[in-house]
Amino acid sequence: MERYEKTFLVLSAAVLVAFLVALAYATIAMHIELPGKAGVIPIKPGQNVAAAVLATAPFNHPGVTKIGPDQYQVAIVAQAWTYYPREIEVPAGARVTFVVTSVDVTHGFEIPGTRVNMMLIPGYISKLSYRFRKPGNYRIICHEYCGILHHTMTAVLRVK
Ligand code: CUA
């Protein structure tokens with residue numbers, strides 16, 4: 001009986017160590033990290049979220065901005081059931097920082113095949129950087145149910 005106890009203790013410890021190693025590998029080697037809360041939209045008393053978002057930079061002029069050598073910021077506003085802008089173009093290999101928010105309900109922001117995956121909460125700014133090394137058309141999809149046309153909520157990122 002004691003022998004089995006020891007075996008199970010060793011096995012449970014081994015599983016914990018394996019999880020820690022996997023976590024360390026994901027964060028250090030694969031650079032997988034959780035998107036952080038990048039900020040909040042200042043909302044004046046009586047103002048609705050949509051008006052506040054559209055009055056706040058960079059969401060008053062959504063789109064691509066070159067912010068440094070080989071670095072681009074892509075500001076996007078999500079609204080049921082689309083993204084503004086709906087088509088974005090960035091050069092391959094550049095560091096692209098997405099700065100995204102929602103004007104109405106909770107939306108998602110996912111680019112399948114990459115680690116770009118954020119939740120967009122009205123009034124909050126979500127931010128994440130990624131380098132697209134392979135040229136091509138990447139689909140941006142909403143992966144948080146946001147109403148009857150949720151499945152049509154997409155945009156295109158062209159990497160040239
Ligand atoms: Cu937006 Cu689902």
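Thresholds, definitions, all that
Residues numbered from 1 in each chain as written. Predicted model: local features only at pLDDT ≥ 70, side-chain atom pairs only at ≥ 80, totals over all residues. Heavy atoms only, no water. Salt bridge = Lys/Arg side-chain N within 4 Å of Asp/Glu carboxyl O. Helix = DSSP H or I, 4+ residues; strand = E, 2+ residues; numbered from the N terminus. Buried < 20%, exposed > 50% of the residue type's maximum accessible area, 1.4 Å probe, protein only. Pairing = 2+ DSSP bridges.

(A) Main features of the pattern of salt bridges. Inspection of the entire model under this criterion finds one salt bridge. Where Glu87 meets Arg158, a salt bridge forms, and the shortest distance between an N and an O atom there is 3.0 Å. Taken together, the residues Glu87 in strand β5 (residues 87–90) and Arg158 in strand β11 (residues 154–159) connect sequence positions 71 residues apart. Classification of Glu87 by relative accessible area gives exposed; the value is 53%. With a relative accessible area of 23%, Arg158 lands in the partly exposed category.

(B) Region of interest: the environment of Ala50. By the element assignment, Ala50 lies in helix α2 (residues 49–54). Given a relative accessible area of 26%, Ala50 falls into the partly exposed group. Taking C-alpha positions, Ala50 is 4.4 Å from Val103, a pair spaced 53 residues apart along the chain.

(C) Seen up close, the pairing of β11. In this sheet, β11 lies alongside β5 in parallel orientation, the contact comprising four bridges. Within the sheet, the bridge partner assigned to Glu89 lies in β11 and is Arg158. Both strand β10 (residues 136–141) and β11 contribute to a ladder of six bridges, which runs antiparallel. Bridge pairing in β11 places Ile140 opposite Ala155.

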